[in-house]
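# Observations on the model geometry
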Amino acid sequence: SGFRGSTRSPPKKPSVSPEDPPRTPPLAPVLQLLRNQLQEKDALIRHLENDWERSRAQREREERLLVTAWYNMGLALQQQEGGTPPRRLPSGAQSFLAQQRLATVARRARAPHGRAPSS
């Protein structure tokens, strides 16, 4: 008298209960967001590294200038004590910094590498 189970209805799909967690968003937008954040952080790191490098170079230039200034002061003092007149800077320079500024201007006015200035 017929096939076995022919009177059964097809199996039902499990129903979604209200306690089930919500579905997660697709991964593509999340990955793109994370990639964008990573690129922004990389750009910030590069910017900070460049700033640090510029600061380091500036500090090294300042240190070299200070060492040179101290050397020149010591040399001038030594020449004064030895009876040798020190190299005279243009008149009007009163402070140490003013003397250094005038010496720098004089050095820059000279031709580079000992060559005669072109006319």
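Structure: above.
Note that the structure is a prediction, hence the values are computed from the model and not measured.

### A look at the overall build of the chain
Counting its secondary structure elements, the chain contains 2 helices and 0 strands. Buried residues in the chain amount to 3% of all 119 residues. If you sum the accessible surface of the chain, you get close to 11,900 Å²; carbon and sulfur atoms cover 58% of it.

### A short note on the layout of surface pockets
There is about 220 Å³ of room inside the second largest pocket. If you go around the second largest pocket, the residues you meet are L65, L66, T68, A69, N72, F96, L97, Q100, R101, T104 and R107. Elements with a contribution of two residues or more to the lining of the second largest pocket: α1 (27-81) and α2 (96-109). For the lining of the second largest pocket, the element with the most residues is α2, which contributes 6 residues. Taken together, the residues of the lining of the second largest pocket break down into 5 nonpolar, 4 polar and 2 charged.

### Description of the environment of Q99
Looking at the secondary structure, you find Q99 in helix α2. For the pair Q99 and A69, spaced 30 residues apart in sequence, the C-alpha to C-alpha distance is 9.8 Å.

### As for a nonpolar patch on the surface
Taken together, the side chains of L66, W70, M73, F96 and L97 make up a nonpolar region of the molecular surface, amounting to roughly 530 Å² of accessible area. Among the secondary structure elements, L66 is positioned in helix α1. With a relative accessible area of 52%, L66 lands in the exposed category.

What counts as what
In this convention, every chain numbers its residues from 1, walking through the sequence in written order. At least 70 in pLDDT is required for a residue's local features to be given in this predicted model, at least 80 for side-chain atom pairs to be given and counted, and no such filter applies to totals for whole chains, interfaces and linings, which use all residues. The basis for the side-chain values is all heavy atoms of the structure; hydrogens and waters are excluded. Secondary structure elements follow DSSP: runs of H or I no shorter than four residues count as helices, runs of E no shorter than two count as strands, and numbering proceeds from the N terminus. Working definition: with a 1.4 Å probe on protein chains only, accessible area under 20% of the residue-type maximum means buried, over 50% means exposed, and in between means partly exposed. Calculation of accessible area relied on Shrake-Rupley with a 1.4 Å probe; when residues are assessed, cover is drawn exclusively from the protein chains displayed. Think of a 1 Å grid over just the protein atoms. A cavity is a set of points where a 1.4 Å probe fits yet cannot get out, a pocket is an open set with protein on both sides within 12 Å along at least five of seven lines, and lining residues have an atom within 4 Å of a point. Grid points are joined across faces, edges and corners, and a volume is the space filled by probe spheres set on the points. Three classes are used: nonpolar for Ala, Val, Leu, Ile, Met, Phe, Trp, Tyr, Cys and Pro, charged for Asp, Glu, Lys and Arg, and polar for all others, with Gly counted as polar. Candidates for patches are residues over 30% relative accessible area with no salt bridge; among them, like charges are joined within 9 Å and nonpolar side chains (Val, Leu, Ile, Met, Phe, Trp, Tyr) within 5 Å. Note on definitions: salt bridges are taken to be side-chain nitrogens of Lys or Arg within 4 Å of carboxyl oxygens of Asp or Glu.

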